[in-house]
Amino acid sequence: MPLNQPPPNNQTQRWTFTQLFGLASRNPLMISRWVLRWVMVGTVSGLFAGLYWNVLELLTHQLQRFQGLSLLIVMPLAGLIVGLVIHFLGNPGEIAVIVDNIHFRGGRLDGRKNPSMILASLISIAAGGSAGPEAPLVQVTGSFGTWVGDRLKLQGEDLRSMSLAAMAAGFTALFGAPLGGAMFALEILHHQHIVEYYEALMPAIVSSCASYLVFTAITHLGIAPTWHFPQYRLENIDDFAFAILFGIIGAIAGWIFMWIFRTCDNAFHRIPGPIYVRTTLAGLGIGSLAAFLPLTRYFGHEELEIILETSFSGVFLLTLALGKMAAISMTVTGGWRGGFIIPLFFTGACIGKAVVVLIPGINPALAMICTMAAINAAVTRTPISTTLLLSKLTSFSPFTPILFASLVGFFLAPKVPLIAAQLKSQQEAID
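Quick caveat: nothing in here was measured; it's all calculated off a predicted structure.

With respect to the overall build of the protein
Point 1. Secondary structure summary: the protein contains 18 helices and zero strands in total.
Point 2. Each of the 431 residues in the protein was classed as buried or not, and the buried ones make up 55%.
Point 3. Counted over contacts in the protein with a minimum sequence separation of 6, partners at least 24 positions apart contribute 80%.
Point 4. Carbon and sulfur atoms make up 67% of the accessible area of the protein, which totals about 18,800 Å².

Structure (structure tokens):
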């Protein structure tokens with residue numbers, strides 16, 4: 001029977017030694033040109049992410065010097081610049097646009113929006129907007145994956161998988177977790193079926209590993225834990241009850257955040273005029289909040305470490321969490337560019353530590369990390385990747401309590417997600 005013909009339905013195919021040797025002599029290894037393509041996409045994505053991060057740090061160090069009431073001038077000015085960039089270079093969209101493109105445009109992401117996204121996000125994040133660089137990285141690297149797919153004349157799922165692999169590389173560069181970044185790129189697309197494009201899992205993992213190595217070599221970030229939480233050892237089954245409890249608390253916080261977010265969204269959409277009017281007003285709101293609650297400024301990468309190292313009252317921590325929710329909402333709905341994953345982690349840490357301060361005796365690491373996991377899973381609908389990301393970012397082991405909290409946050413979240421594009425149809429909202 002020829003090698004290129006399938007065996008008859010009623011017959012088991014058996015390979016002779018000669019046939020097997022002929023196949024192996026062509027390529028005796030599992031590696032193929034596809035693997036090399038995924039590695040290439042991940043490598044280029046890691047290079048871009050490293051360059052983006054270094055430029056972002058340079059700009060941030062310059063703008064961090066402005067504090068207090070000076071933010072009432074600096075932040076609106078930054079908002080005006082962001083708005084002008086978007087007005088003249090085009091609206092790069094949000095994560096919902098990326099999700100829609102994966103679902104309905106065959107995974108094709110438009111690279112023509114990258115200049116606007118890069119410039120607007122650099123100014124937004126460096127000036128102190130409460131949004132992180134994950135969304136810009138995913139947009140740019142994902143569109144690069146589409147560009148590579150077009151050059152290779154890929155179609156259908158092959159093209160979608162290449163875009164998803166590049167998206168995963170962008171996530172991984174920031175979080176320093178190849179497996180978590182790969183899962184997040186797939187999981188963020190859905191809120192009900194979790195991972196639908198499972199055929200893209202291996203491309204995403206391979207690309208993420210390549211991106212991780214390159215980004216780490218450039219920035220020296222991602223090797224050690226990002227945040228240094230108190231030590232924790234799982235020795236009592238009661239800890240799972242606490243994980244579930246903080247999962248419930250995180251889910252409630254997620255509901256509150258989504259209400260604040262939609263309220264801000266409705267308010268900003270009522271403002272007439274071009275987008276730079278909205279971004280300027282958003283800058284005024286973010287700056288006013290940061291002048292009185294400085295820890296609400298920026299996306300929380302460094303600020304979360306301050307929460308860990310400093311003793312604050314429970315009331316202040318809860319106030320800070322609410323302020324952070326408002327800052328995230330004004331940043332994103334006001335037209336500034338960036339993602340809200342790490343800001344949500346910061347919010348969850350504040351709430352978890354507040355509960356520990358008000359109710360002593362609970363392990364602070366367990367409380368904070370479980371609340372971080374639950375609020376992010378409730379808002380982004382990513383319980384699996386959230387568990388993997390936090391276990392890497394915090395060096396929290398074992399990660400089973402995080403998984404319990406993430407699942408509780410996921411299943412207690414509102415049926416209609418914050419990222420509406422995660423619903424492929426309106427029917428899913430009522431099923």
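On we go.
Description of the layout of surface pockets
Point 1. Roughly 290 Å³ of internal volume is contained in the second largest pocket.
Point 2. What lines the second largest pocket is a set of 19 residues, and nearest its centre among them are L221, G222, P225, T226 and H301.
Point 3. Counting residues per element, the lining of the second largest pocket draws most heavily on helix α7 (residues 156-175), at three residues.
Point 4. The residue inventory of the lining of the second largest pocket, partitioned by class, reads twelve nonpolar, five polar and two charged.

Remarks on unusual backbone geometry
Leave glycine aside and you will find that most residues have negative phi; peptide bonds, for their part, are mostly trans.
Point 1. At the junction of S397 and P398, the peptide bond is cis and its omega measures out at 0° in the coordinates.
Point 2. Relative to the helices and strands, P398 resides in the loop between α16 (383-394) and α17 (400-411).
Point 3. Phi angles above zero are rare outside glycine, and K153 is one such case at about 60°.
Point 4. Here K153 shows up in the loop between α6 (134-151) and α7.
Point 5. Residue class for K153 comes out exposed when judged on its relative accessible area of 70%.
Point 6. Phi is positive for Y298, close to 70°, though the residue is something other than glycine.
Point 7. Note on placement: Y298 falls in the loop between α11 (275-292) and α12 (303-309).
Point 8. Y298 gets classed as buried once you look at its relative accessible area, which sits at 7%.

Observations regarding a nonpolar patch on the surface
Point 1. A contiguous nonpolar surface patch, about 620 Å² in accessible area, is contributed by L77, L80, I81, L84, F88, L89 and L119.
Point 2. No other element matches the six residues that helix α3 (residues 71-89) contributes to the nonpolar patch.
Point 3. Tracing the sequence through the fold places L89 in helix α3.
Point 4. Of the residues examined, L89 reaches a relative accessible area of 46% and is grouped as partly exposed.

Focus: the packing of helix α2 (residues 33-63) against α7
Point 1. Across the interface, α2 lies against α7 with an axial gap of 9 Å and an inter-helix angle of 40°. Judged by the inter-axis angle, α2 sits oblique to α7. Between α2 and α7 lies a crossing of right-handed hand. Contacts between α2 and α7 involve W34, R37, W38, V41, G42, S45, A49 and W53 from the former and D158, M162, A166, A169, A173 and L174 from the latter.

Looking at the nonpolar core
Point 1. W227, F229, F257, L304 and M372 are the most contacted members of the largest nonpolar core, which has 96 residues in total.
Point 2. Among the elements that line this core, the one with the most residues is helix α14 (residues 341-358), at eleven residues.
Point 3. Other than its neighbours up to four places away in sequence, W227 contacts G300, H301, L304, E305, L308, I342, F345, M372, L393 and T394.
Point 4. Counting residues in each nonpolar core, the second largest holds ten residues, with W38, L154, A166 and V206 among its members.

Some thoughts on the packing of aromatic side chains
Point 1. Under the criterion given, the structure shown has 14 aromatic pairs.
Point 2. Between the aromatic rings of F257 and F261, the centroid separation amounts to 5.8 Å while the plane-to-plane angle is 50°, which identifies the pairing as tilted. Of this pair, F257 and F261 both sit in helix α10 (residues 238-269), separated by four residues, roughly a single helical turn.
Point 3. Residue F257 is classed as buried on the basis of its relative accessible area of 0%.
Point 4. Owing to a relative accessible area of 11%, F261 belongs among the buried residues under this scheme.
Point 5. Ring pairing ties together the aromatic residues F171, F175 and F184, which thus form one cluster.

Quick notes on α3
Point 1. Taking 1.5 Å as the rise per residue, α3 with 19 residues should run 27 Å; its terminal C-alpha atoms sit 26 Å apart, in good agreement.
Point 2. If you check which residues of α3 are buried, you get L71, V74, M75, P76, A78, G79, V82, G83, V85 and I86.
Point 3. Elements in contact with the buried residues of α3: α5 (114-127) and α11.

A short note on the environment of A365
Point 1. The topology assignment puts A365 in helix α15 (residues 364-380).
Point 2. On the accessibility criterion, A365 (0% relative accessible area) is buried.
Point 3. For the pair A365 and A349, spaced 16 residues apart in sequence, the C-alpha to C-alpha distance is 9.1 Å.
Point 4. Apart from the residues lying within four places of it in its own chain, the contact partners of A365 are F229, P230, Y232 and F396.

Section: the confidence of the model for the protein
Point 1. Mean pLDDT over the protein: 87, with 87% of residues reaching 70 or higher.
Point 2. Contacts for the low-pLDDT stretch residues 426-431, under 50 throughout, to residues beyond four places or in other chains number eight contacts.

Thresholds, definitions, all that
Residues numbered from 1 in each chain as written. Predicted model: local features only at pLDDT ≥ 70, side-chain atom pairs only at ≥ 80, totals over all residues. Heavy atoms only, no water. Helix = DSSP H or I, 4+ residues; strand = E, 2+ residues; numbered from the N terminus. Buried < 20%, exposed > 50% of the residue type's maximum accessible area, 1.4 Å probe, protein only. Contact = heavy atoms within 4.5 Å. Areas by Shrake-Rupley, 256 points an atom, 1.4 Å probe, with all protein chains shown as cover. 1 Å grid on protein atoms, 1.4 Å probe; cavity = no way out; pocket = protein on both sides within 12 Å on 5 of 7 lines; lining within 4 Å. Points joined across faces, edges and corners; volume = space filled by probe spheres on them. Nonpolar A, V, L, I, M, F, W, Y, C, P; charged D, E, K, R; others polar. Patch = residues over 30% accessible without salt bridge, like charges linked within 9 Å, V, L, I, M, F, W, Y side chains within 5 Å. Salt bridge = Lys/Arg side-chain N within 4 Å of Asp/Glu carboxyl O. Axes fitted to C-alpha atoms, helices over the stretch in contact; angles between N-to-C directions. Parallel < 35°, antiparallel > 145°, perpendicular 65-115°, else oblique. Left-handed = near helix turned anticlockwise from the far one by under 90°. Core = buried A, V, L, I, M, F, W, Y, C linked by side-chain atoms within 4.5 Å. Phe/Tyr/Trp six-rings, centres within 6.5 Å; stacked < 30°, edge-to-face > 60°. Expected span 1.5 Å × (residues − 1). pLDDT = per-residue confidence, 0-100.

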